[in-house]
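Per-entry structural report
Here is what each chain is made of, one letter per residue.
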Amino acid sequence: MQQLRIKLIDASLWQIYLDQGFNQKAVELQRYQSNLVENIHQNLPSGMTNKTFDVDDQHDLQDLLFKRLHLTLNRKFNSPPEVTEVVLAELHEKYPESRLVAQLAEYKRIVSVNRKFFHSIKKWVHHPANKSSKLGKVHSNWLQTSVITGRVSTKSPNLLGIGKKMIFESLESAQRLEFSPRDFFVAEKGFTFISVDYAQMELRIVAHFSKDKTLSNIFHNKATKFSKDTNQDIFI
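Model, not experiment: these values are computed from the prediction.

1. Description of the overall build of the protein
- In terms of helices and strands, the protein carries 8 helices and 8 strands.
- Within the protein, buried positions represent 34% of all 236 residues.
- Pairs at least 24 residues apart make up 52% of the contacts formed inside the protein by residues separated by at least 6 positions.
- Accessible surface, the protein: about 15900 Å² in total, of which carbon and sulfur atoms supply 51%.

2. A look at the pairing of strand E6 (residues 166–169)
- Only one face of E6 is covered, namely the one carrying Met166 and Phe168; the face carrying Ile167 and Glu169 has none of its residues buried.
- Judged from the 4 bridges that link them, E6 and strand E7 (residues 176–179) form a sheet pairing that is antiparallel. Bridging across to E7, Ile167 finds its partner in Glu178.

3. Side note on the packing of aromatic side chains
- Summed over all chains, the structure comprises 8 aromatic pairs.
- Each ring, one from Phe22 and one from Phe117, has its centre 5.7 Å from the other, and the planes form 65 degrees; the classification is edge-to-face. Of this pair, Phe22 sits in helix H2 (residues 21–42) while Phe117 is found in helix H5 (residues 99–122), placing the two residues 95 residues apart along the sequence. The pair formed by Phe22 and Phe117 is uniform in burial state, with each residue classed as buried.
- Seen in terms of ring centroids, Phe22 and Phe184 are 5.8 Å apart; in terms of plane orientation they differ by 90 degrees. Their pairing is edge-to-face. Here Phe184 lies in the loop between E7 and strand E8 (185–186) and Phe22 lies in helix H2, a separation of 162 residues in the sequence. The two residues Phe22 and Phe184 agree in class, both being buried.

4. Focus: the confidence of the model for the protein
- Looking at the protein, the pLDDT average stands at 80 and 78% of residues meet or exceed 70.
- Least confident of the elements in the protein is helix H1 (residues 2–10), whose mean pLDDT is 56; most confident is helix H3 (residues 58–68), at 95.

5. A look at H3
- For H3, the complete set of buried residues consists of Asp60, Leu61, Gln62, Leu64, Leu65 and Phe66.
- Among the structural elements, helix H4 (85–94) and H5 are those in contact with the buried residues of H3.
- A side-chain oxygen of the first residue of H3 lies 3.0 Å from the backbone nitrogen of His59; this N-cap is Asp57.
- Positive backbone phi, approximately 55 degrees, marks His70, located one or two places after H3.

6. Brief notes about the pattern of salt bridges
- Tallied over the full model, the rule gives 5 salt bridges.
- Glu28 serves as the salt-bridge partner of Lys25, at 3.3 Å between the closest nitrogen and oxygen. A residue pair is termed a helical-turn pair when its members lie 3 or 4 positions apart in one helix, as Lys25 and Glu28 do in helix H2 at 3 residues.
- Under the relative-accessibility criterion, Glu28 is labelled partly exposed at 30%.
- Here Arg68 ties to Asp63 by a salt bridge, and the two come within 3.0 Å at their closest N and O atoms.

7. Notes on the packing of H3 against H5
- Packing of H3 against H5 leaves a shortest axis separation of 12 Å and a crossing angle of 155 degrees. Relative to H5, the element H3 is oriented roughly antiparallel. The element H3 and its partner H5 pack so that their crossing is left-handed. Contacts from Gln58, Leu61, Leu64 and Leu65 in H3 reach Leu100, Val101, Leu104 and Lys108 in H5.
- Class assignment for the residues of the contact of H3 with H5 results in 6 nonpolar, 1 polar and 1 charged.

8. Some points on the nonpolar core
- Ranked by internal contacts, the top residues of the largest apolar core, which has 43 residues, are Leu65, Leu91, Leu104, Phe117, Phe118 and Phe168.
- Of all elements in the fold, only H2, H3, H4, H5, E6 and E7 reach the threshold of two or more residues within this core.
- It is H5 that contributes the most residues to this core, 10 residues altogether.
- When sequence neighbours within four positions are dropped, the list of residues in contact with Phe118 reads Phe22, Lys25, Ala26, Leu29, Val113, Phe179 and Phe184.

Thresholds applied
- Residues numbered from 1 in each chain as written.
- Predicted model: local features only at pLDDT ≥ 70, side-chain atom pairs only at ≥ 80, totals over all residues.
- Heavy atoms only, no water.
- Helix = DSSP H or I, 4+ residues; strand = E, 2+ residues; numbered from the N terminus.
- Buried < 20%, exposed > 50% of the residue type's maximum accessible area, 1.4 Å probe, protein only.
- Contact = heavy atoms within 4.5 Å.
- Areas by Shrake-Rupley, 256 points an atom, 1.4 Å probe, with all protein chains shown as cover.
- Pairing = 2+ DSSP bridges.
- Phe/Tyr/Trp six-rings, centres within 6.5 Å; stacked < 30°, edge-to-face > 60°.
- pLDDT = per-residue confidence, 0-100.
- Polar contact = N/O pair within 3.5 Å; in protein donor to acceptor, adjacent residues only side chain to side chain.
- Salt bridge = Lys/Arg side-chain N within 4 Å of Asp/Glu carboxyl O.
- Axes fitted to C-alpha atoms, helices over the stretch in contact; angles between N-to-C directions.
- Parallel < 35°, antiparallel > 145°, perpendicular 65-115°, else oblique.
- Left-handed = near helix turned anticlockwise from the far one by under 90°.
- Nonpolar A, V, L, I, M, F, W, Y, C, P; charged D, E, K, R; others polar.
- Core = buried A, V, L, I, M, F, W, Y, C linked by side-chain atoms within 4.5 Å.

Okay, here's the thing in structure tokens:
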């Protein structure tokens, strides 16, 4: 593990720069979230107001959805289930005409993105000594032995789990928020990011150790591609 870290440092890959646009987009998402909460309060049923309903309170959500609106899920529960992002997505699919359910589902999604991406990443940003710089550095922990397949992984933060594109659209207005989280990460001056992926790494290891001729020939012959027939030849 120490050897991997030394190699990453030598190759200037130990630190990744975070563009200033990250903070700007975080502010935009927070503003979008606040507007969404206002719209949710406006669509509450009679007798409920922003003073009696907290969009982040589980009891309030359960009372609203399952007691006041009498919504049900396709699954049976002995007591009202926890109102998670998954539960709201199921309710939205079952009740697509409900504007309030759609807004709550969108709100939960935004909260999840804020927590898992913006808040998580920001916690690990190290600002440069040069205060005039618009870039911050992210030092992730690269792990070579934590995944059973042998693939490299990262944590604190998990840079390999960052999505490609996120889109949020308001039901009450033409407001639309779209961004690619990966675009916030930029290479140091003089360097360039490249995108690579493992090509059937596990199967290549199997071919090497098993000495299976059919499997080995597939990787030696660049023109050959995996197909249904190829899989049948190997595994049946």
